[in-house]
Amino acid sequence: MPRSIRDITIAVILTSLGLIMLFSSFDKGQSGTFVNLIYSVFKPVDQFVTFVQKRTAGIFNSYVWLVGVSQENRVLTEEVRLLRTEIMSLREKELENRRLKKILDLKSKLDFPTLVAQIIGEDASGLFRTVLVNKGSDDGVLRDMPVTVPEGIVGKINRSSTVMAQVIMITDPSVSVDCRVERTRERGLLSGSYSYSCLLQYLSKEAQIKQGDLVVTSGLDGIFPRGLAVGTVESVRLSEHGLFLEATVTPTARLTEIEEVVVVLGTQGGFSMESGLERKP
Amino acid sequence: MKDLFFCLVFGSVSIIIQCCVLGKIFPMEFKPDLTLLVVVWVGLKGDYVSGLFSAFFLGIIEDLLSGAPLGLFSFIYLVAYMFSAFVSVNFDVDQLGLSWLVAIVTSFISFCLVFLARWLGGQVMFELPIIEFILIKTIMTSLCLIVVKPLLDNSWRGYSRLIGAT
């Protein structure tokens, strides 16, 4: 076969394969053998790089600050460096301790089985709002399970392999959460908007919503349990067509700073989702 | 095969860096797509068939480690690769300026395709001005070519000497 025809054939086959996979995978949580294999290869590397990065960050910063210190003060500086490193390490441990305490508190408050997972990577492309966590289907983590932190919900499981899973955050435009405004009990649909805030839509025009109101999950979407904090209302305006109100909501969880998350090990049917259970005050 | 191995190793390293390191340096949404630069570099320099396979497999890995539907990045990287390969056949690619131009064009097209796919995949809202966002990300990605291209050129020379690849 002439080389040019072979090259074109391979290009067409691979492009078609890519397109077929693209159009056949929009609504599926891929977790086949190939996905598991890729995740199995990347999990230890991701974990290792994250581990080394965390361990060396403090030492590296201290070292950089100490370059150029005069000879006379070397001993003292060395001591200061060691003490600083120790303080940094202790501070880091203290912060970790606080975070874990909060997570333990949250675990005891939730009525569902939960699992703590560590974030080991971000979205590779930066074009989607996802993070990778170090727990997978071997630990009971499955697609669409809610993911939260003590401050509020983070998102849901988008893909799960045996060893790790991908969490899609509420700020991603493809995620929608059925929510209520805690004070007025008004229901709306919260969607990500790609920025660091979300949009609460389809609120009644008569709704008395104001800045600072807390938005919580309604439990009616079949994914998130009822009553989990989502965010606070930043601003309220009339929607484009003038039929509803819509509000900009800032997530209560600091989604760019979280290091550990709690996965709620329950999916559709696992939570009470009957409408009308919430009573207006 | 030797070319493919080199491309996959460097591509995988770039994906790991994107997942674990770049988010600490750049704002998450503007972090450069180093893997795309590897694909472009392969398109400009490498063997055609190895490049196609590496673009495809790197795209699959990128799909799995990002929120993209499986197949999106493999398709985008194949398009980027074929464009780069076309330019390398028809123009003198040894000039940094031309490589840069290819990186800018492929980045722009790639990011546009991602948003187009998201828009086609469902009614989603983007509160950011998308064109500005794409332009900033394109500039960030193409600027990284200053570092990535010499690094890949030198590594490729070393690798070629080591194992005798062409």
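Residues numbered from 1 in each chain as written. Chains lettered and ligands numbered in written order. Predicted model: local features only at pLDDT ≥ 70, side-chain atom pairs only at ≥ 80, totals over all residues. Heavy atoms only, no water.

A. Summary view of the overall build of chain A. The secondary structure content of chain A amounts to 3 helices and 12 strands. Relative to its full complement of 281 residues, chain A shows a buried share of 46%. At a minimum sequence separation of 6, the contacts of chain A that also span at least 24 residues come to 59%. (Helix = DSSP H or I, 4+ residues; strand = E, 2+ residues; numbered from the N terminus. Buried < 20%, exposed > 50% of the residue type's maximum accessible area, 1.4 Å probe, protein only. Contact = heavy atoms within 4.5 Å.)

B. Region of interest: the pattern of salt bridges. Residues and elements named next belong to chain A. Following the criterion strictly, the structure yields 14 salt bridges over all chains and no others. For Arg6, the salt bridge identified is with Asp7, shortest N-O distance 3.2 Å. Residue classification places Arg6 among the partly exposed positions, given a relative accessible area of 34%. Measuring nitrogen to oxygen at the nearest pair gives 2.6 Å for the salt bridge that ties Glu260 to Arg99. Within this pair, whereas Glu260 is found in strand S12 (residues 260–264), its partner Arg99 is found in helix H3 (residues 74–109), the two being separated by 161 residues in sequence. You can call Glu260 buried: its relative accessible area is 9%. Taken together, the shared-partner salt bridges connect Arg99, Glu259 and Glu260 into one network. (Salt bridge = Lys/Arg side-chain N within 4 Å of Asp/Glu carboxyl O.)

C. The arrangement of the sheet that holds strand S3 (residues 146–149) of chain A in detail. All names here are of chain A. The strand order S1-S2-S5-S4-S3-S12 describes a closed barrel built from 6 strands, whose pairing is antiparallel. Within the sheet, the average angular offset between the axes of one strand and its neighbour, ignoring direction, is 45°. Judged from the 4 bridges that link them, strand S2 (residues 130–133) and strand S5 (residues 165–169) form a sheet pairing that is antiparallel. When the bridges of S5 are listed, Leu132 appears paired with Gln166. Against the sheet, H3 contacts strand S1 (114–122), S3 and S12, and its axis sits at roughly 15° relative to S12. (Pairing = 2+ DSSP bridges. Axes fitted to C-alpha atoms, helices over the stretch in contact; angles between N-to-C directions.)

D. Region of interest: the nonpolar core. Ranked by size, the top nonpolar core spans 70 residues in total, and within it Leu127 of chain A together with Leu65, Leu72 and Tyr77 of chain B carry the most contacts. With 10 residues, helix H5 (residues 72–90) of chain B is the single largest residue contributor to this core. Residue assignment places this core across two domains, with domain 1 (1–109) and domain 2 (114–264) of chain A each supplying three or more. Ignoring sequence-local partners within four residues, the contact set of Tyr77 of chain B consists of Asp33, Thr35, Leu36, Val39, Ala55, Leu58, Gly59 and Glu62 of chain B. If you look at the next biggest cluster of nonpolar residues, it comprises 46 residues, including Leu106, Ile157, Ala165 and Val215 of chain A. (Core = buried A, V, L, I, M, F, W, Y, C linked by side-chain atoms within 4.5 Å. Domains from an automatic or database assignment.)

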